[in-house]
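Letter by letter, the chains look like this.
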Amino acid sequence: MALPITAQDEDAFFIKKIYNATLQNGKCYERLTHLSEEIGGRLAGSVEAQTAVEYTHDLMVDMEMDSVWYQACEVPVWKRGKEEEVIIHWRKPKPNKSKILNTPNRKEQHKTLNALSLGNTIGTGPSGVEGDIIEVYDLDTLDKMGAALLKDKIVFFNRPMDPSQISTFSAYGGAVDQRVYGASRAAKYGAKAVLVRSMTLAQDDNPHTGVSVYDEAYPKIPALAISTNDANQLSNLLKDQPVNVSIKNYSKNLPPATSYNVIGEIKGEEFPNEIILVGGHLDSWDVGGGAHDDGAGCVHSLDVIEILQLLDYKPKRTIRCVMFMNEENGLGGGKAYANESNAKGEYHLAAIESDSGGFTPRGFTCTAEDEVFKDFFINFTSFGDLFSPYSLYLKQGGSGADINPLKSQKGLLIGFKPDSQRYFDYHHTAVDRIDAVNERELKMGAAAITSLVYLIDQHGLR
Ligand SMILES: [Zn+2]
């Protein structure tokens, strides 16, 4: 579908109006400030998550969308509890004398590490666990070591994210298996606990939490992340002497609870049954404010509706804004949304997720079922000229965890792609707060997504 020149001109003009309105009047930054600083970390099942549900629901009502509703979903409830305590101990040889005399007289050293329990992990309670640390490179190494080397040890997974990857998400994808599956893989051979190098390319003192998953076939053992600086130091120490660690953490898994997706829409005038979804996930980890992950995606999505309203735009298709719950530790919201949508026989022509942070927009990637992808992709990329003044690419690629379950509806699934270089400096940490977000960059994201929603609404994709 090559757009006629006049339509291109009209679209170019309207997209500029979207950027003007967003940069001048977009509310995404002030709303993100509220979400991340007033409400704070919003792990599913927490009081903060419920507060965020009500806050965004009330915003949608105030925006006078055509309908606004809660959609129930079941979520796991995991509590971090009291602060973690991870202390390593080692004996440093005394220089000269003790070495010459070969005495066991070595001075004991210790250090408290910057650590965070991983999501879903059990706690040690006040008695803690203690043992010698063994460093491993990856999960497969464990199978080679076996129980002979791993029994009663604390396994330290220390494979860094690969700094040579251009997309930091690729680097993350290449390393995150240690965090997600490390505990059970080590427990299989009798390990007592695991420490995992934080998933970041930054060298600093911030530990990064994130989901871990137990394999029910093996005993559950505690799993904690340590900062990259601490991981480097620990690895260096292990080259010269044994290192012992004592771990105390107080996390708990409670029975599942009901939480909610928050949904609002404006009905299309010509094709009300063709839905264009725009969304992010409302939940975040409990530490920090969940500003980039994924408060940014939520406020981007709210701005889409608001900017179109501000420009008095009447959509042809139904534009739906979704705040998904529980992306971080179970995807309860994304699954519930797709189930209900399928049961109602709905059709999502397009779904766009913003879950890569509030950084400078770079473009969009898309995916769909094989049988429909080719036609969609031709039409999707026909918007390319309109995005070139804003330096945005349109490419094949991933979409988003929350919208992925909609794939069987055979619409186009789209991921918003901001610059990824600094995302993992903040991801799942105490420093993912509003001061890590640049107001203008955030607004550029909202404008980019609104522009794409507008173009799909105007021209369809088939
Ligand atoms: Zn996220």
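Residues numbered from 1 in each chain as written. Predicted model: local features only at pLDDT ≥ 70, side-chain atom pairs only at ≥ 80, totals over all residues. Heavy atoms only, no water.

A. Quick peek at the overall build of the protein. Helix and strand counts for the protein stand at 14 helices and 16 strands. Nonlocal contacts in the protein, meaning residues at least 24 apart in sequence, comprise 83% of its contacts between residues at least 6 apart. Total accessible area on the protein stands at roughly 18,900 Å², and carbon and sulfur atoms take up 50% of it. Positive and negative side-chain charges in the protein, numbering 47 and 62 respectively, have mean positions lying 9 Å apart. (Helix = DSSP H or I, 4+ residues; strand = E, 2+ residues; numbered from the N terminus. Contact = heavy atoms within 4.5 Å. Areas by Shrake-Rupley, 256 points an atom, 1.4 Å probe, with all protein chains shown as cover. Lys, Arg positive; Asp, Glu negative; His and termini not counted. Charge placed at Lys NZ, Arg CZ, Asp CG, Glu CD.)

B. Structural context of the coordination of the zinc ion. Within the protein, the atoms that donate to the zinc ion are His-281 (NE2), Asp-293 (OD), Asp-355 (OD) and Asp-355 (OD), at distances of 1.9 to 2.7 Å. Residue classification places Asp-355 among the buried positions, given a relative accessible area of 16%. (Donors = N, O, S within 2.8 Å, 3.2 Å for Na, K, Ca; no water. Buried < 20%, exposed > 50% of the residue type's maximum accessible area, 1.4 Å probe, protein only.)

C. Seen up close, the environment of Pro-163. Mapped onto the elements of the fold, Pro-163 is located in the loop between β6 (154-157) and α6 (168-173). With a relative accessible area of 67%, Pro-163 lands in the exposed category.

D. Spotlight on the nonpolar core. Core analysis: the largest hydrophobic core is formed by 73 residues, its most contacted members being Phe-364 and Ile-414. With 10 residues, helix α14 (residues 439-459) is the single largest residue contributor to this core. In terms of nonpolar packing, the next biggest core, distinct from the first, is built from 32 residues, Val-196, Ala-223, Tyr-423 and Ala-436 among them. (Core = buried A, V, L, I, M, F, W, Y, C linked by side-chain atoms within 4.5 Å.)

E. The arrangement of the pattern of salt bridges in detail. Tallying each qualifying case throughout the model produces 23 salt bridges. With its nearest N and O atoms 3.1 Å apart, the salt bridge here joins Arg-31 to Glu-306. Here Arg-31, found in helix α2 (residues 28-39), pairs with Glu-306, found in helix α9 (residues 291-310); they are 275 residues apart in sequence, far enough to count as distant. We classify Arg-31 as buried; its relative accessible area is 7%. We note a salt bridge from Arg-317 to Glu-274, for which the minimum N-O separation is 2.7 Å. With Arg-317 in strand β12 (residues 317-324) and Glu-274 in strand β11 (residues 271-281), this pair connects stretches of sequence that are 43 residues apart. The pair formed by Arg-317 and Glu-274 is uniform in burial state, with each residue classed as buried. (Salt bridge = Lys/Arg side-chain N within 4 Å of Asp/Glu carboxyl O.)

F. Here's a closer look at the side chain of Ser-356. Secondary-structure assignment places Ser-356 in the loop between β13 (347-353) and β14 (361-367). When neighbours within four sequence positions are excluded, Ser-356 is seen to be in contact with Phe-169, Phe-416, Lys-417, Pro-418 and Tyr-423.

G. Structural view of unusual backbone geometry. Note that the residue after Asp-293, namely Asp-294, is joined by a cis bond; omega there is -5°. Despite not being glycine, Asn-326 shows a phi value in the positive range, around 70°. Within the element layout of this structure, Asn-326 appears in the loop between β12 and α10 (332-343). Its identity is not glycine, yet Lys-410 carries a phi of approximately 65°, on the positive side. Among the secondary structure elements, Lys-410 is positioned in the loop between β15 (393-396) and β16 (412-418).

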